[in-house]
Amino acid sequence: MLGNDLWERSAEGEGSADRRSRILDAAERCFVRSGFHRTTMQDVATEAGMSAGNLYRYFRSKGAIVAGLTEWDRAEMASDLSVIGAGDDFIAAFRELGRKHFEDEPRERAVLCLEIWAEATRNHEVAATAREFEHDLITRLTDLIAAAQANGSVSTQSEARDIAVLIATLADGLFVRRALLPDFDAEREVRHVLTILGALLKGHICLSQGGCGAEASP
């Protein structure tokens, strides 16, 4: 524990937000390396270079750490979507997001998503965090698409929320494939997804259960 004690003394001037970030970085590495279920709070503390007692001052459980990681992702998502205007070229914007999340960012981020999703199937605290993130994502996408439909840049053949849910569904699939497949071809698979989204946004694909009438493409 000497190394941890030295680190904690050297970090006395470090702010609370910086320590939380250090812990979350450490937890992400642990979850990817050993899996959420096998990782202990002591593992995270050791990876972060601090005592377990100090770690508990910032996060009471692994579920609380997941909530912290999710807050990071939510802030990043909000930043990504905030730069897309209602009149923008949605496909171009989503192409940039696809390159960022499925090519530029390390594969370990996709692995981490799978670990959290798997734990959400048996851990109520993690499940609640995952549901909250999903709700926030769908709400933001729905508002963005609805605004684009209102100004005529996106077809109204399908409900804005239905489009948002499909976007989230396809993105989740890409995360799974990237995490699992060593030969995952991000450029090719993202291009295929964008082809489907382009047809949907132009009204060439309809998600309405009652069927869609003819409509001019935007």
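Residues numbered from 1 in each chain as written. Predicted model: local features only at pLDDT ≥ 70, side-chain atom pairs only at ≥ 80, totals over all residues. Heavy atoms only, no water.

Undergrad: Mind showing me how you'd approach the overall build of the chain here?
TA: Summing up its helical and strand segments, the chain has ten helices and zero strands in all. Written out in order from the N terminus, the α and β elements of the chain read α-α-α-α-α-α-α-α-α-α. Looking at the chain as a whole, 44% of its 218 residues are labelled buried. Sequence separation of 24 or more characterises 68% of the internal contacts of the chain that already satisfy a separation of 6 or more. Carbon together with sulfur atoms contributes 52% to the accessible area of the chain, which is approximately 11,600 Å² in total. (Helix = DSSP H or I, 4+ residues; strand = E, 2+ residues; numbered from the N terminus. Buried < 20%, exposed > 50% of the residue type's maximum accessible area, 1.4 Å probe, protein only. Contact = heavy atoms within 4.5 Å. Areas by Shrake-Rupley, 256 points an atom, 1.4 Å probe, with all protein chains shown as cover.)

Undergrad: Can you help me understand the side chain of Lys-62 in this one?
TA: Position of Lys-62 among the secondary structure elements: in helix α5 (residues 62-82). In this structure, Lys-62 is buried with no salt-bridge partner, the nearest side chain bearing the opposite charge being Glu-119 at 6.1 Å. Of note is the side chain of Lys-62, whose polar atom sits 3.4 Å from the backbone oxygen of His-37. The residues touching Lys-62, leaving out its near neighbours within four places in the chain, are Phe-31, Phe-36, His-37, Thr-39 and Met-41. (Lys, Arg positive; Asp, Glu negative; His and termini not counted. Salt bridge = Lys/Arg side-chain N within 4 Å of Asp/Glu carboxyl O. Polar contact = N/O pair within 3.5 Å; in protein donor to acceptor, adjacent residues only side chain to side chain.)

Undergrad: Where do I start with the packing of aromatic side chains in this structure?
TA: Ring pairs (aromatic) are described by centroid distance and by the angle formed between their planes. Per the counting criterion, the structure on display carries three aromatic pairs. The interplanar angle of 45° and the centroid separation of 4.9 Å between the aromatic rings of Phe-31 and Phe-36 together place this pair among those described as tilted. For the pair Phe-31 and Phe-36, a shared accessibility class is recorded, and that class is buried. The residue whose ring lies beneath Lys-62 is Phe-36, and the NZ or CZ to ring-centre distance is 4.7 Å. (Phe/Tyr/Trp six-rings, centres within 6.5 Å; stacked < 30°, edge-to-face > 60°. Lys NZ or Arg CZ within 6 Å of the ring centre and 35° of its normal.)

Undergrad: How should the pattern of salt bridges be read in this particular structure?
TA: Oppositely charged side chains may form a pair once their charged atoms are brought near each other. Overall, the coordinates contain 16 salt bridges when judged by the stated rule. In this structure, Glu-47 and Arg-29 form a salt bridge, with 2.8 Å as the shortest nitrogen-oxygen distance. Residue Glu-47 is found in helix α3 (residues 41-48), and its partner Arg-29 is found in helix α2 (residues 16-34); the two are separated by 18 residues along the sequence. According to the relative accessible area criterion, Glu-47 is partly exposed, its value standing at 28%.

Undergrad: What exactly am I supposed to notice about the confidence of the model for the chain here?
TA: Residues shown with low pLDDT carry predicted positions that ought not to be read at fine detail. For the chain, mean pLDDT is 87; residues scoring 70 or higher make up 88% of the total. By mean pLDDT, the top-scoring element of the chain is α3 (96), and the lowest-scoring one is helix α1 (residues 2-10) (44). Counted against residues more than four places away or in other chains, residues 1-11, with its pLDDT under 50, gives 16 contacts. (pLDDT = per-residue confidence, 0-100.)

Undergrad: Any chance you could explain the side chain of Arg-178 here in plain terms?
TA: Along the chain, the position of Arg-178 falls in helix α9 (residues 160-180). Summary of buried charges: Arg-178 has no salt-bridge partner, and the nearest side chain of opposite charge, Glu-105, is 6.0 Å away. In terms of polar contacts, Arg-178 uses its side chain to reach the backbone carbonyl oxygen of Glu-105, at 2.7 Å. Excluding its chain neighbours within four sequence positions, the residues that come into contact with Arg-178 are His-101, Phe-102, Glu-103, Glu-105, Pro-106, Arg-107, Ala-110 and Phe-184.

Undergrad: Looking at this structure, I do not really get helix α10 (residues 186-201). What am I missing?
TA: Given 3.6 residues to a turn, an α-helix orients residues that are three or four positions apart in the same direction. For α10, built from 16 residues, the straight-helix expectation of 22 Å at 1.5 Å per residue is met to within 8% by its first-to-last C-alpha distance of 22 Å. Regarding α10, the residues found buried are Ala-186, Glu-189, Val-190, Val-193, Leu-194, Leu-197, Gly-198, Ala-199, Leu-200 and Leu-201. For α10, the elements touching its buried residues are α6 (90-104) and α9. At the C-terminal side of α10, Gly-203 shows a positive phi close to 90°. (Expected span 1.5 Å × (residues − 1).)

Undergrad: Just checking my understanding: could you explain the environment of Leu-112 for this structure?
TA: Along the chain, Leu-112 turns up in helix α7 (residues 107-120). The exposure class of Leu-112 is buried, given its relative accessible area of 5%. Considering only alpha carbons, one finds Leu-112 and Leu-69, 43 residues apart in sequence, at a separation of 9.9 Å.

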